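Listed below, chain by chain, are the residues.
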Amino acid sequence: GCMKIARITSPQQFEFVDVPDPEISEGEVLVKMERLSICGSDLRIFDRTFEEEMYPIEHGKPCHECAGVVVETKSSEYNVGDKVIVFPDGGNGLAEYLAEPAERLVRLPDGKDMSTLLMCQPVGTVMHSCKLTGSVIGKKIVVLGQGPIGLSFSNFLAQGGATKVIGVDLLDYRLDVAKNNGATHVINPNRDNLEEAVAELTNGEGADIVVEAVGRPETLNGIWKIIKKQGKAILFGLSHDEDVFEFNFDEMTSKLPIIEVHNSARTWDMPQAVNECIELVEQDRLDLSYLVTHNMKFEEVQKAYETYSSKLDNSLKITMEL
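What comes next concerns the included structure. (Residues numbered from 1 in each chain as written. Predicted model: local features only at pLDDT ≥ 70, side-chain atom pairs only at ≥ 80, totals over all residues. Heavy atoms only, no water.)

Some thoughts on the pattern of salt bridges
Here is step 1: In the structure shown here, the tally under the stated rule is 19 salt bridges.
Here is step 2: Between D172 and R191 there is a salt bridge, with the nearest N and O atoms lying 3.0 Å from each other. Placement of the pair is D172 in helix α5 (residues 172–180) and R191 in the loop between β10 (185–187) and α6 (194–201), with a sequence separation of 19 residues.
Here is step 3: A residue is classified by how much of its surface remains accessible, and R191, at 55% relative accessible area, is exposed.
Here is step 4: Between K179 and D176 there is a salt bridge whose closest N-O contact spans 3.8 Å. Here D176 and K179 lie together in helix α5, a separation of three residues that amounts to about one turn.
Here is step 5: For D176, a relative accessible area of 41% gives the class partly exposed.
Here is step 6: Here the residues in one salt-bridge network are R35, K297 and E321, joined through shared partners. (Salt bridge = Lys/Arg side-chain N within 4 Å of Asp/Glu carboxyl O. Helix = DSSP H or I, 4+ residues; strand = E, 2+ residues; numbered from the N terminus. Buried < 20%, exposed > 50% of the residue type's maximum accessible area, 1.4 Å probe, protein only.)

A short note on the sheet that holds strand β11 (residues 207–212)
Here is step 1: Ordered in space as β10-β9-β8-β11-β12-β13, the six strands form an open sheet in which the pairing is parallel. Edge strands, defined here as strands with exactly one partner in the open sheet, are β10 and β13 (258–261). Neighbour-to-neighbour, the strand axes of the sheet open up by a mean angle of 20 degrees, direction not taken into account.
Here is step 2: Sheet topology note: the strand β8 (residues 140–144)/strand β9 (residues 164–168) ladder contains five bridges and is parallel. The residue bridging K140 from the neighbouring strand is K164, located in β9.
Here is step 3: Across the sheet, α5 is in contact with β9 and β10; its angle to β10 comes to roughly 170 degrees. (Pairing = 2+ DSSP bridges. Axes fitted to C-alpha atoms, helices over the stretch in contact; angles between N-to-C directions. Contact = heavy atoms within 4.5 Å.)

Side note on the packing of helix α3 (residues 120–133) against helix α4 (residues 148–159)
Here is step 1: It is at 9 Å that the axes of α3 and α4 come closest, and there the two elements cross at 50 degrees. In terms of orientation, α3 and α4 fall into the oblique class. Between α3 and α4 lies a crossing whose hand is right-handed. Residues P122, V123, T125, V126, M127, S129 and C130 of α3 pack against I149, S152, F153, F156 and L157 of α4.
Here is step 2: Classifying every residue of the contact of α3 with α4 by side-chain character gives nine nonpolar, three polar and no charged. (Parallel < 35°, antiparallel > 145°, perpendicular 65-115°, else oblique. Left-handed = near helix turned anticlockwise from the far one by under 90°. Nonpolar A, V, L, I, M, F, W, Y, C, P; charged D, E, K, R; others polar.)

The analysis is restricted to geometry; functional conclusions fall outside its scope.
Given below as structure tokens:
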């Protein structure tokens, strides 16, 4: 049979093509997609303009937040009908079917909304980072960026007992969501001086921990202005428009920070992290429905990526239904 797959044919332009259905080999599982979602890291491909010979970009890219139902299996671990999250090896999830080895799947519980369950994929990566960070009880923390990842950090760090969780973003609608999900204080640097505001909230000491959930030079270099001496900087955001940028080494060394870089995808701790998140959702201890602001059809992939990229219509996470 044939299936539909999306690909980028020129800067920021998707089209659909028909390709043969994937076939599975031993140990693999074929999953029919039901929900796809867009991640900030996908914009590293969607937003950029590459050399002409790079187009069309590989089929199905960029998408790695995928959930669906098992329709064929050559693995004893999964049965037909199982609901799963899939981590496509090539980040090529914009397809009707994906064939992946069993270790790239995580089982989902029945009876919960599929779009909300898919949020366990990005939020699991945040849980992984919080685990590495360790206890935050009594700490004063700044989270730079209140997109879906930053919001999840604010949420977990507040639940973890941080006394101050200061959410920072340039968009007020995101700060409003942050206030409802754990942030004790919010700052919009377009309006308020970030350095002064953090100094005031931390009795002039600076933040014990600063989480960078953006991936831009100005936020990275902004850490050293608001972190306390020997505080901890958690770098989570991936570089966005450019991979190499200037770093204020002098300002950084003046604070003697502990710098940790956290990313569960690159260490391949993803399945465990996502599983732990699913457990919390299944126990009704974690409600992730607030993250899903838009649900579109797979056919609207162009509109979905444009809305997400430009943060239109107060969007946070956008899922696509197949």
